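The primary structure of each chain is shown beneath.
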Amino acid sequence: MLGVAAHPARLSVQNSPPAENPATAKDRQGEARRIFQEGQAALNGGELDHAEAAFLKVLKLDRKSAAAHANLGVVEMRRKNWERALIELHAAQALAPQMTGIRVNIGLVEYRRANYEAAIPPFESAVRDQPDLFQARYLLGLCYTFVERPADAVRTLEPLWPQMSKQFVYLYVLGNAAFHSGNRALDEKASQRLVEVGGDTPEFHLLMGKALLNRDDDQKALGELKLAAAADPNLPFLHFYMGIAYRRLSRPDLAEQEFRKDIELAPDEGYNYEQLGKLYQQMGRADEAEKAFRGALKQEPRLPASLTELAKIDLRRGDTDRALKEADQAIKLAPETQGVHFVRGQILQRLGRAEEARSEFEIARKSLEAAVERDRARSNRETVPDPELARQP
């Protein structure tokens, strides 16, 4: 009987990994902790390669270390390797879904690569868990602003008033969201506070100019921007917004000068090239427009508006294959980009793919109807870009 009973036990040993000696397991855990602390110190000191090597060693000792995956994600974030960062952060989230900080970093990666719609759910989740989590709440409010959900932006940002009511950018964003959501009392409160805090500084005049551009008061906006330029002609993004004002006021010559001034000051800023491309489009200078849009994408590959405009240019030239690739990429980056589905429908129609073209035209029609329903007064407004807000984190 003993021999029979022992047989299944021997099978069990053969078919499963041998049990680890408790002392050995304790040693492995201690070694993993020591190496993790070494990696953390390297990460804090900016030694990314050293930190990466340490966290990879930790994972060899403990495959289920959510902290090691999370910190590898941070390493890749600092390298701006967004795709790899997301892989590590999602691995960490699967192992430790309760860790709010991992979700915040996932949202931050999406924010930094301008994928604001994708950034909203992780930020929302973090704020639900911890309503007083400052960074997640602030970035969630900015995301709502970028995707034109002003009422949600107000609801999210207003609770930050006690901490943030002396900050120019916060007051500008909150006031702008309040204006577009119809919250006149909060709009006046934020605007008044902005005047109190700003005084006569060039930064104040820049933000007032932006606010007026967002309200389509282009002449007054230009006046504020000129005041800022008189005090500090090298203020970041000042000439960018002056270019937008001049373009709207039908002064393309002056608009071009301003965009080129801003390119001189910030040659790696894609939005300047994009606005210059739009200006050349309006002037019928297609070759220069194409060069500007490609310059924009060289600096910032995730600019769906530039891709959409290039698709239009290539469609007019008859290069439908290239145009389709550009439209597809724009839709992948931002499916709600204005007009991109209509452009893609035109391309497909030219290629003889009638059924697919009808589908794209239907998406474009529904998108337009939704925009009109959402806010008839704003359905045809031009949204003023906020490139400096995207750099904040």
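This report concerns the structure included in the present document. (Residues numbered from 1 in each chain as written. Predicted model: local features only at pLDDT ≥ 70, side-chain atom pairs only at ≥ 80, totals over all residues. Heavy atoms only, no water.)

1. Observations concerning the overall build of the protein chain
Test applied: Secondary structure counts use DSSP, requiring at least four H or I residues in a row for a helix and at least two E residues in a row for a strand, with both numbered from the N terminus. When accessible area is computed with a 1.4 Å probe and restricted to protein chains, residues below 20% of their type maximum are described as buried, those above 50% as exposed, and intermediate ones as partly exposed. Every residue pair with non-hydrogen atoms within 4.5 Å of one another is taken to be in contact. Accessible areas in this description were obtained via Shrake-Rupley with a 1.4 Å probe; residue shielding takes into account the shown protein chains only.
When helices and strands are counted, the protein chain shows 23 helices and 0 strands. Per-residue burial for the protein chain yields a buried fraction of 47% across its 393 residues. For the protein chain, the proportion of contacts with a sequence separation of at least 24, taken over those separated by at least 6, is 50%. In the structure as shown, the protein chain presents an accessible area of about 20400 Å², 52% of it carried by carbon and sulfur atoms.

2. Describing the nonpolar core
As a reminder of what qualifies: Take the buried Ala, Val, Leu, Ile, Met, Phe, Trp, Tyr and Cys residues and link them wherever side-chain atoms come within 4.5 Å; each set so joined is a nonpolar core.
Counting residues in each nonpolar core, the largest one holds 50 residues, and the members touching the most others are Tyr111, Phe123, Leu157 and Tyr170. Examining the composition of this core, we find that 8 residues originate from one element, helix H11 (residues 168-180), more than from any other. Leaving out residues up to four positions away in the same chain, phenylalanine 123 has contacts with Val104, Gly107, Leu108, Tyr111, Ala136, Leu139, Leu140 and Cys143. By size, the runner-up hydrophobic cluster in this structure holds 38 residues, among which are Leu206, Ala255, Ala289 and Leu307.

3. Quick word on the packing of helix H4 (residues 66-78) against helix H5 (residues 82-95)
Two numbers describe a pair of packed helices, the interaxial angle and the distance between the axes. For clarity, the cut-off: Between N-to-C directions, angles span 0 to 180 degrees; the directions come from axes that are lines fitted to C-alpha atoms, helices contributing only their stretch in contact. Orientation labels follow simple angle bins: below 35 degrees gives roughly parallel, above 145 gives roughly antiparallel, 65 to 115 gives roughly perpendicular, and whatever is left gives oblique. For any pair of crossing helices, the crossing counts as left-handed if the nearer helix is rotated counterclockwise from the farther one by less than a right angle, and right-handed if it is rotated clockwise. Under the grouping applied here, Gly and all other residues not named as nonpolar or charged are polar, the nonpolar ones being Ala, Val, Leu, Ile, Met, Phe, Trp, Tyr, Cys and Pro and the charged ones Asp, Glu, Lys and Arg.
Following both chains from N to C, one finds H4 and H5 inclined at 160°, their axes separated by 8 Å at the closest point. Taken together, the axes of H4 and H5 are roughly antiparallel relative to one another. Handedness of the crossing formed by H4 with H5: left-handed. The segment H4 lies against H5, with Ala66, His69, Ala70, Leu72, Gly73, Glu76 and Met77 engaging Trp82, Arg84, Ala85, Glu88, Leu89, Ala91, Ala92 and Leu95. For the contact of H4 with H5, the class distribution of residues is 10 nonpolar, 2 polar and 3 charged.

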